[in-house]
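As a plain string of letters, each chain reads:
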Amino acid sequence: MKMTSAYANKMLKKLTEDKDFYRMKETQSYLYTATLEEEPVIPEYDYMDVASKIEAIDEKICKIKHAINLANVTSKITVDDEIMSVDTILVRMAQLNKRKMVLDDMRKRQPKTRLNNAYNSIKKTVVEYMYINYDLDLVKAEYERIDAKIAKMQMELDKYNQTVEFDVEI
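Here we summarise the structure given alongside this text. (Residues numbered from 1 in each chain as written. Predicted model: local features only at pLDDT ≥ 70, side-chain atom pairs only at ≥ 80, totals over all residues. Heavy atoms only, no water.)

### Observations regarding helix H3 (residues 86-107)
Stage number 1. With 22 residues, H3 should reach 32 Å at 1.5 Å per residue; the first-to-last C-alpha distance of 30 Å fits that figure.
Stage number 2. Buried residues of H3: Val-86, Ile-89, Met-93, Leu-96, Lys-100, Leu-103, Asp-104 and Met-106, and no others. One face of H3 carries all of its buried residues, which in axial projection span an arc of 135°. Facing away from the buried side of H3, by more than 90 degrees, are the exposed residues Lys-98 and Met-101.
Stage number 3. Looking at the buried positions of H3, the neighbouring elements they touch are helix H2 (47-74), strand E2 (76-79), strand E3 (82-85) and helix H5 (136-163). (Helix = DSSP H or I, 4+ residues; strand = E, 2+ residues; numbered from the N terminus. Expected span 1.5 Å × (residues − 1). Buried < 20%, exposed > 50% of the residue type's maximum accessible area, 1.4 Å probe, protein only. Arc of directions from axis to C-beta. Contact = heavy atoms within 4.5 Å.)

Next comes the structure, spelled out in structure tokens:
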């Protein structure tokens, strides 16, 4: 069966919901409580039926995830002038997002900040300042560059996920 990554992920979500349904059904049915003085109300439960349905869902999930992983390793996407596999783009985007968070913190800092700690003000009469040790404009420019690169990667990845089909053996 041919499918896109977007469709495969929708199928995975549906399969996970189905599996959760059978797990909940099992959890609510494999035990029951009754007193000795009453006729027990025994929930309808067939272990083999539920277990086989969960196993069939797990097999489909494995096959779909394997096909996605295989496609991610072998499919190439061009971002600007760089050609990368989908899995490399995913790793690189995660790295860039972490770096972007650091740069976001750095770009929001003032060149000089007064340290105003109540404990310090009681013991010390000298005011302390914290200074940045970097070029603020350079950090802001680097933040914008990385943000733009992540956006380009995400747009190419979105296009790939919606349009490129791969085989899934279900």
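Further notes follow.
### Description of the nonpolar core
Stage number 1. Within the largest apolar cluster, 32 residues are counted, with the highest numbers of intra-cluster contacts made by Ile-64, Ile-77, Ile-89, Met-153 and Phe-166.
Stage number 2. Residue assignment for this core shows that the elements contributing at least two residues are helix H1 (5-29), H2, E2, H3 and H5.
Stage number 3. Dropping the residues within four chain positions of it, Phe-166 is found in contact with Met-1, Lys-2, Met-3, Thr-4, Ser-5, Ala-8, Ala-67, Ile-68, Ala-71 and Tyr-160. (Core = buried A, V, L, I, M, F, W, Y, C linked by side-chain atoms within 4.5 Å.)

### Overview of the side chain of Lys-19
Stage number 1. Of note, Lys-19 is situated in helix H1.
Stage number 2. Here Asp-58 takes part through its side chain, which lies 2.5 Å from a polar atom of the side chain of Lys-19.
Stage number 3. Setting aside residues up to four positions removed in sequence, Lys-19 forms contacts with Ile-54, Ile-57 and Asp-58. (Polar contact = N/O pair within 3.5 Å; in protein donor to acceptor, adjacent residues only side chain to side chain.)

### Quick word on the packing of H1 against H2
Stage number 1. Where H1 meets H2, the closest approach of the two axes is 10 Å, and the angle between their N-to-C directions is 160°. Considered as vectors, H1 and H2 are oriented roughly antiparallel to each other. In the packing of H1 onto H2, the handedness of the crossing is left-handed. Note on element contacts: H2 touches H1 through Tyr-47, Val-50, Lys-53, Ile-54, Ile-57, Asp-58, Lys-60, Ile-61, Ile-64, Lys-65 and Ile-68, opposite Ala-8, Asn-9, Met-11, Leu-12, Leu-15, Thr-16, Asp-18, Lys-19, Tyr-22, Arg-23 and Glu-26.
Stage number 2. Broken down by class, the residue content of the contact of H1 with H2 amounts to twelve nonpolar, two polar and eight charged. (Axes fitted to C-alpha atoms, helices over the stretch in contact; angles between N-to-C directions. Parallel < 35°, antiparallel > 145°, perpendicular 65-115°, else oblique. Left-handed = near helix turned anticlockwise from the far one by under 90°. Nonpolar A, V, L, I, M, F, W, Y, C, P; charged D, E, K, R; others polar.)

### Section: H5
For an α-helix, the turn length of 3.6 residues means that residues three or four places apart are oriented alike.
Stage number 1. If you check H5, its first and last C-alpha atoms are 41 Å apart, about what 28 residues at 1.5 Å a residue would give, namely 40 Å.
Stage number 2. Leu-136, Val-139, Tyr-143, Ile-146, Ile-150, Met-153, Leu-157, Tyr-160 and Asn-161 are the residues of H5 that are buried.
Stage number 3. With a side-chain oxygen lying 3.0 Å from the backbone nitrogen of Asp-137, the N-terminal cap of H5 falls on Asp-135.

Purely spatial values, then, with no claim about function.
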